[in-house]
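What the coordinates show
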Amino acid sequence: AILATLSACGDSRAPFEAGSGQNLLARRPDALAWQAGELVPDEETLWGELGQFGWENHISEEDGRALVWTNRDKAYLDLPAGTSAERHVTLQLSAPSAEPKEVEVRLNSVKIATLTVGPEWQEERLHAPAAFWRVGENLLEFVCKLGVVDDGRRLGIGVARVHYDERREVRQDPSAGQL
């Protein structure tokens, strides 16, 4: 019985022959976008996999723009990047009330700006030097105090768009077995 149990645990497939290699590129990759370039919330996924902690779980609309409100003192977005190049991060922001909000924006824990955000939509273009970026995952952080709005929610700022570079995708060539 012990022999039958041990043989059931093993892999019954024959091993690959030396030098034959395993074609890891024969399947479709899990993700083809390796640099989003621009984030805009959508009704189904909000920020998608790039939205981290600190956001309301639904989209709001202000002046015809879809946005997501921060609901924590710190809110995060993931900005995947293919290179650690100098970039400008462009943000579309609004505050939920007439009282302006002071917002600190950080990239990978390094402050890139302190903004004053009012109730009117504003677009801010922030310089982010190459040294602030990592190849791969980059964390954009919004830090601001929350305020109570008319319906009792505690909100920080609304973000409608984040643009930081061109969208870049992995190209797949199945016939050549290459990405």
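Report on the accompanying structure. This structure is a prediction, so every number in the text was calculated from the model and none was measured. (Residues numbered from 1 in each chain as written. Predicted model: local features only at pLDDT ≥ 70, side-chain atom pairs only at ≥ 80, totals over all residues. Heavy atoms only, no water.)

Here V103 shows up in strand β7 (residues 101–107). V103 sits in the buried class, given a relative accessible area of 0%. Linking V103 and G156, residues 53 residues apart in sequence, is a C-alpha distance of 8.7 Å. (Helix = DSSP H or I, 4+ residues; strand = E, 2+ residues; numbered from the N terminus. Buried < 20%, exposed > 50% of the residue type's maximum accessible area, 1.4 Å probe, protein only.)

Right, let's get into the nonpolar core. Generally speaking, nonpolar side chains in soluble globular proteins are found buried as a group. Judged by nonpolar contacts, the single largest core of 33 residues is most densely connected at L39, L91, V105, L140, F142 and V162. When contributions to this core are tallied by element, the ones reaching two or more residues are β5 (74–78), β6 (87–94), β7, β8 (110–117), β9 (122–128), β10 (139–143) and β13 (158–163). With four residues, β8 is the single largest residue contributor to this core. Residues within four places of V105 in sequence aside, it is in contact with L91, V110, K111, I112, A113, L115, L126, L140, E141 and F142. (Core = buried A, V, L, I, M, F, W, Y, C linked by side-chain atoms within 4.5 Å. Contact = heavy atoms within 4.5 Å.)

Attention now goes to the packing of aromatic side chains. This structure, assessed with the given rule, holds three aromatic pairs. Between the aromatic rings of W55 and F142, the centroid separation amounts to 5.8 Å while the plane-to-plane angle is 80°, which identifies the pairing as edge-to-face. Taken together, the positions of W55 in the loop between β2 (38–39) and β3 (60–62) and F142 in strand β10 put the pair 87 residues apart, joining distant regions of the chain. Each member of the pair, W55 together with F142, is buried. Looking at R87, its charged tip hangs above the ring of W133, at a distance of 4.5 Å from the centre. (Phe/Tyr/Trp six-rings, centres within 6.5 Å; stacked < 30°, edge-to-face > 60°. Lys NZ or Arg CZ within 6 Å of the ring centre and 35° of its normal.)

One pass over the structure, following the stated rule, counts seven salt bridges. Between E56 and R153 there is a salt bridge, with its nearest N and O atoms 2.9 Å apart. With a gap of 97 residues between them, E56 in the loop between β2 and β3 and R153 in the loop between β11 (147–148) and β12 (154–155) connect regions that are remote in the sequence. Residue class for R153 comes out partly exposed when judged on its relative accessible area of 27%. Taking the shortest distance from any N to any O, the salt bridge between E123 and R161 comes out at 3.8 Å. Linking E123 in strand β9 with R161 in strand β13, this pair joins segments that are 38 residues apart in sequence. Shared partners join several salt bridges into a network, and the residues in it are E38, E123 and R161. (Salt bridge = Lys/Arg side-chain N within 4 Å of Asp/Glu carboxyl O.)

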